[in-house]
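Letter by letter, the chains look like this.
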Number of protein chains: 2
Amino acid sequence: MTTGVIESLALEATSKIVLLVLDGLGDLPDPAHRGQTPLEAARTPNLDELARASALGRLTPVAPGITPGSGPGHLGLFGYDPLTHLVGRGVLEALGAGIDLKPGDVAARANFCTVADASGVVLDRRAGRIGSDVCARLVDKLHASIARIDDVEIVLQAGKGHRFVAVLRGPGLGGAVSDADPHKEGKPIPQSHPLEPGASHEKTARVVNAFVKRATEVLKSDAPANGILARGLSERPKFAGYRERFKLRAAAIAAYPMYRGVASLAGMDLFVPPGEGAAEAFAMVAQQWASHDYLFIHVKGTDMAGEDGDFDAKVGVIEAVDQALPALTALRPDVLSITGDHSTPVPMRGHSWHPVPVLVHSKVCFPDTHPRFHETTCRTGSLGDLASKDLIAVLLANAGRLDKYGA
Amino acid sequence: MTTGVIESLALEATSKIVLLVLDGLGDLPDPAHRGQTPLEAARTPNLDELARASALGRLTPVAPGITPGSGPGHLGLFGYDPLTHLVGRGVLEALGAGIDLKPGDVAARANFCTVADASGVVLDRRAGRIGSDVCARLVDKLHASIARIDDVEIVLQAGKGHRFVAVLRGPGLGGAVSDADPHKEGKPIPQSHPLEPGASHEKTARVVNAFVKRATEVLKSDAPANGILARGLSERPKFAGYRERFKLRAAAIAAYPMYRGVASLAGMDLFVPPGEGAAEAFAMVAQQWASHDYLFIHVKGTDMAGEDGDFDAKVGVIEAVDQALPALTALRPDVLSITGDHSTPVPMRGHSWHPVPVLVHSKVCFPDTHPRFHETTCRTGSLGDLASKDLIAVLLANAGRLDKYGA
């Protein structure tokens, strides 16, 4: 959908939209489980009842054949074309780490490495795979010594093993700079340099290079972690938010920071439920009901089970969502949509390109009367096959929030 | 799909992809044959077995309602958007004639015509429809007298009746020049002139005009074929090839020069099977198996039968493909796709715009368990409706040759 048309038609209204995302929902028939998918195998009486009164269809997250990461998968669902709304690797890493990125922030994926004292050549890009505890201690040490470089604050957060996130926060920074990372051992750490003209990118490169140099001094007695690498440097993108684009007061309810992070790029208010389950998330939806028009709920378990290749676990998460569902439908949302950001088939143990089942329930959705909600019923649903980025328009339309186009 | 994204995700791998194109495969239900299409009427036990384990769908070759020629039909299947990857008529004619076009070549569709001696006015654009034997003799005569013009070689090949192909081969030629053809009788042959600024197009126009003038001198006693016309002048396009775009070593196995020609634009290695049948083509696939990752096989018979309006012949070609199929599946391709470049419905005796059935088989294809492969089962297949140009991404994904998009 052309950005601009939807926005020009968006109406103020009192209707409520709920988007329930079961991460990695789509799957493949599993020969080890009677050729069924987890959605087919799960006992879902509440979902079945909802399906009968809903329009079904399928979403293509990015484009045919393209397997999306979590960032592009959710941007599409939120109505931002993932092919034109690019989010850098450093920014996604920072969002996933729960760092509250501000406009203008530049984020990097970083890690400790081993460098040769004399030559500065990188001997081990992962510093002998130090433990997370060592990583946390060294990140504290860096923070104590290098809290700022000139007028730029250096925000650090330790990750798993040798990994951490570095965020540069200060005036006039740009994200188009090269990696301070040789990407292979046996070479020195290259200087970061601007990839586009402009003082902001030059400033970032200067700060990155100063940070890498000072880190080497601070860490000189911490071998094997006596150096750092920074890559995927990128600026927090500036997207028009939900309020501006769609006249929606939007809330994101997600236990994992990555999904709140992507939602923050769309200007949603962020809420952390007290647990990972659907029941906890739905309780939080009830709390935010009066203050929001659009509520995005993220459930991670389906994706984790898919990544683990655990059919029964994926069925279990789906059944738990089903059991909790009455708490959500009791709120009587004007539009309730259930889908995934991509497929994570159990037999593949990872994300895939396969279209994702989607359900849209409203008083005017064209109910398909399909008895269940799964990959095969969705193939012949009245929503047809849509690009994920077009879902928002369908939700707004079902909510009576889109004006007529033309006279 | 935006060109560039797929390329940026393409991975090196050892998996094998086979694309079997049954030219003009799609059809309409034929009231004269129990309302069945040829795919429905054919006895295809091997294809049926394959279909049950495959994902089905439909391809739109160019855009809804657009009937493609062979060039655009195949470019789409190869992953080149036919609306942006333009191939001139002269180039297609030369490829169809089996001329091995080199980069920089400019090709024209040409024909003999009758001109009035005194005025140079064209009296008959088809030279009284001379026979192919006369055409061949006159092309030889032209070739003997006009092998070169300045530093440009003139490559000629006789066609049917009054038609032939002329290729200009030499340094600094451009394809954007107007026709040396009045397109109606009663007017003189117009001078070719550049359609875009540039010395290369000016040079081509000069050479074309010199060629037409000298041909009139050479042919002055050969009335009714005492002149020539040239149209559809175009330069062999420069497309990034399969190796560069998709990291694939690609082979084209096609009995007809046109299809090898279009495949050559995608940088495929070209192979001529010893016969037109599927069995001969599949035997050649086996020979090229070790040296290639992607094997395109072209079977012409389905299209010819459609053009002839011969239902039984089309059924026969499909059944012959089915009988030969075990030789292909025995190679155990990681991905096997069967489709057409367009529909050629028997009742229409020509190409059409109707979507084309497509089948994709792999370990992760989402088998639809449809019992057969034809126009109607494909309508509810899990591949859904795709643009032909997006098929390559689906094949690469099924072959494990596409990285994840974004984190």
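Just so it is clear, the model here is predicted, and its values are computed rather than measured. Think of each chain on its own: its residues are numbered from 1, step by step along the sequence as written. Here the convention is simple: chains get letters from A, ligands get numbers from 1, in the order in which they are written. Under the rules for a predicted model, residues below a pLDDT of 70 receive no local features and side-chain atom pairs below 80 are neither given nor counted, while totals for whole chains, interfaces and linings still include all residues. The side-chain values count all of the structure's non-hydrogen atoms but skip hydrogen atoms and water molecules.

Draft legend 1. Broad picture of unusual backbone geometry. Between Ala-223 of chain A and Pro-224 of chain A the backbone carries a cis peptide bond, its omega angle lying at 10°. The secondary structure listing takes helices from DSSP runs of H or I that are at least 4 residues long and strands from runs of E that are at least 2 residues long, numbered from the N terminus. Structurally, Pro-224 of chain A can be placed in the loop between helix H7 (199–218) and strand S8 (227–235). Within the chain, Arg-332 of chain B stands out as a residue other than glycine whose phi angle is a positive 55°. Relative to the helices and strands, Arg-332 of chain B resides in the loop between helix H12 (311–329) and strand S12 (335–339). Throughout, exposure labels follow a simple rule: accessible area from a 1.4 Å probe, protein chains only, divided by the maximum for the residue type, with under 20% read as buried, over 50% as exposed, and the rest as partly exposed. For Arg-332 of chain B, a relative accessible area of 69% translates into the label exposed. Notably, Thr-369 of chain B is not glycine yet its phi reads approximately 60°, a positive angle.

Draft legend 2. Looking closely at the sheet that holds strand S10 (residues 269–271) of chain A. All names here are of chain A. In this analysis, strands are considered paired if DSSP registers two or more bridges between them. Across the sheet, which stays open at both edges, the eight strands sit in the order S10-S9-S11-S1-S12-S13-S2-S14 with mixed pairing between neighbours. The open sheet has two edge strands with one neighbour each: S10 and strand S14 (384–387). The mean inter-strand angle of the sheet, taken between neighbouring strand axes irrespective of direction, is 20°. Taken together, the five bridges between strand S2 (residues 55–60) and strand S13 (residues 356–361) define a ladder with antiparallel strand orientation. Note that in S13 the partner of Leu-56 across the bridge is Leu-359. Relative to the sheet, helix H10 (residues 278–288) contacts strand S1 (17–22), strand S9 (250–254), S10 and strand S11 (294–299), its axis offset from that of S11 by approximately 165°. Axis definition: a line fitted to C-alpha atoms, over the contacting stretch in the case of helices. Angles run 0 to 180 degrees between N-to-C directions. Note on definitions: a residue-residue contact is assigned when non-hydrogen atoms from the two residues lie within 4.5 Å.

Draft legend 3. The arrangement of the pattern of salt bridges in detail. Residues and elements named next belong to chain A. By convention in these notes, a salt bridge is any Lys or Arg side-chain nitrogen within 4 Å of a carboxyl oxygen on Asp or Glu. Inspection of the entire model under this criterion finds 35 salt bridges over all chains. Its salt-bridge partner being Asp-105, residue Arg-169 comes within 2.7 Å of it at the nearest N-O pair. Remark: Asp-105 occurs in the loop between helix H5 (89–96) and strand S3 (106–115) and Arg-169 occurs in strand S7 (residues 163–169); sequence separation between them is 64 residues. Accessibility expressed as a relative area gives 21% for Arg-169, which makes it partly exposed. Exposure remark for Asp-105: the relative accessible area of 1% places this residue in the buried category. Three or more residues joined by partner-sharing salt bridges are found here, namely Arg-249, Asp-293 and Arg-401.

Draft legend 4. Here's a closer look at the side chain of Thr-204 of chain A. Structurally, Thr-204 of chain A can be placed in helix H7. The contact partners of Thr-204 of chain A, leaving out residues within four places of it in the chain, are Val-106, Leu-168, Leu-173, Gly-174 and Val-177 of chain A.

Draft legend 5. Inspection of the nonpolar core at higher detail. Ranked by internal contacts, the top residues of the largest apolar core, which has 63 residues, are Ile-66 of chain A together with Phe-78, Tyr-242, Met-268, Tyr-294 and Phe-296 of chain B. No other element matches the seven residues that helix H14 (residues 391–398) of chain B contributes to this core. When neighbours within four sequence positions are excluded, Tyr-294 of chain B is seen to be in contact with Ile-17, Leu-19, Phe-78, Tyr-242, Leu-248, Arg-249, Ala-250, Ala-251, Met-268 and Ile-392 of chain B. Membership of the second largest hydrophobic core comes to 50 residues, among which are Tyr-80, Phe-246, Leu-391 and Ile-392 of chain A. We call a set of buried Ala, Val, Leu, Ile, Met, Phe, Trp, Tyr and Cys residues a nonpolar core when their side-chain atoms join them within 4.5 Å.

Draft legend 6. Structural detail: the packing of helix H6 (residues 132–145) of chain B against helix H7 (residues 199–218) of chain B. All names here are of chain B. The interhelical angle for the contact between H6 and H7, taken along N-to-C directions, is 115°, at an axis separation of 10 Å. When the interaxial angle is binned, H6 and H7 end up roughly perpendicular. The interaxial crossing formed by H6 with H7 has right-handed handedness. Mapping the contact onto sequence places Lys-141, Leu-142 and Ser-145 in H6 and Arg-214, Ala-215 and Val-218 in H7. Roughly parallel means an angle under 35 degrees; roughly antiparallel, over 145; roughly perpendicular, 65 to 115; everything else is oblique. Helix crossings are classified by the rotation of the near helix relative to the far one: an anticlockwise turn of less than a right angle makes the crossing left-handed, while a clockwise turn makes it right-handed.

Draft legend 7. Geometry of the interface of chain B and chain A. With 28 residues of chain B at the interface, the matching set in chain A holds 31 residues. In this description, buried area is defined as the sum, over both parts, of the accessible area (probe of 1.4 Å) that is lost when the two are combined. Across the interface of chain B and chain A, roughly 2000 Å² is buried in total on both sides, 68% from carbon and sulfur atoms. Counting the surface chain B buries against chain A, the share from its top three residues, Phe-366, Tyr-405 and Ala-407 of chain B, is 38%. Counting across the interface, chain B meets chain A through one salt bridge. Here Arg-379 of chain A makes a salt bridge to Asp-368 of chain B, at a shortest N to O gap of 3.2 Å. In the analysis that follows, any N or O atom pair within 3.5 Å is treated as a polar contact, provided that within protein one partner can donate a hydrogen and the other can accept it, and provided that, for residues neighboring in sequence, both atoms belong to side chains. Taken together, the connections running from chain B to chain A amount to seven residue pairs in polar contact (both at pLDDT 80 or more). Contributions of two or more residues to the side of chain B that touches chain A are made by helix H1 (5–9), strand S14 (384–387) and H14 of chain B. At four residues, H14 of chain B tops the list of elements feeding residues into the side of chain B that touches chain A.

Draft legend 8. Focus on a positive patch on the surface. Residue and element names in this part refer to chain A. Patch members must show over 30% relative accessible area and no salt bridge, and they are joined within 9 Å when carrying like charges or within 5 Å when they are nonpolar side chains of Val, Leu, Ile, Met, Phe, Trp or Tyr. The protein chains shown are the only cover counted for residues, whose accessible areas, like all others here, come from Shrake-Rupley with a 1.4 Å probe. The convention is simple: Lys and Arg are positive, Asp and Glu are negative, and His and the chain ends are not counted. Here the site of a charge means NZ on Lys, CZ on Arg, CG on Asp, or CD on Glu. Together, Arg-126, Arg-129, Lys-160 and Arg-163 line one region of the surface with positive charge. Within the fold, Arg-126 resides in the loop between strand S4 (122–124) and helix H6 (132–145). Look at Arg-126 and you get partly exposed, because its relative accessible area is 33%.

Draft legend 9. Just the environment of Ala-166 of chain B, in detail. Residues and elements named next belong to chain B. Within the element layout of this structure, Ala-166 appears in strand S7 (residues 163–169). Judged by relative accessible area, Ala-166 falls into the buried class, the value being 4%. In contact with Ala-166, other than residues within four places in its own chain, are Val-106, Ala-107, Ala-108, Val-155, Leu-156 and Phe-211.

Draft legend 10. Structural view of the relation of the copies chain B and chain A. By a simple turn and slide, chain B fits onto chain A: the slide is 0.1 Å along the axis, the RMSD is 0.2 Å, and the turn is 124°. Classification of the inter-copy transformation places it as that of a three-fold axis. Of the C-alpha atoms belonging to chain B, the one lying closest to the rotation axis is found on Thr-380 of chain B, 3.7 Å away. Residues reaching a pLDDT of at least 70 in both copies supply the C-alpha atoms on which the copies are superposed by least squares.

Draft legend 11. Highlighting the packing of aromatic side chains. Aromatic rings from Phe, Tyr and Trp, taking only the six-membered ring of Trp, are treated as a pair when their centres fall within 6.5 Å; an angle between ring planes under 30 degrees marks them as stacked, one over 60 as edge-to-face, and anything in between as tilted. Going through the model one piece at a time under the given rule, you end up with 13 aromatic pairs over all chains. Here Phe-78 of chain B and Phe-296 of chain B contribute two aromatic rings whose centre-to-centre distance is 4.8 Å and whose plane-to-plane angle is 75°, an arrangement assigned as edge-to-face. Of this pair, Phe-78 of chain B sits in the loop between helix H4 (70–77) and helix H5 (89–96) while Phe-296 of chain B sits in strand S11 (residues 294–299), placing them 218 residues apart in sequence. Phe-296 of chain B carries the same exposure label as Phe-78 of chain B, and that label is buried. Members of the aromatic cluster, connected to one another through ring pairs, are Phe-78, Tyr-80, Phe-239, Tyr-242, Phe-246, Tyr-294 and Phe-296 of chain A. The rule is short: NZ of Lys or CZ of Arg within 6 Å of the ring centre and within 35 degrees of the ring normal puts a charge over the ring. The positively charged end of Lys-300 of chain B is found above the aromatic ring belonging to Tyr-256 of chain B, 5.8 Å away from the centroid.

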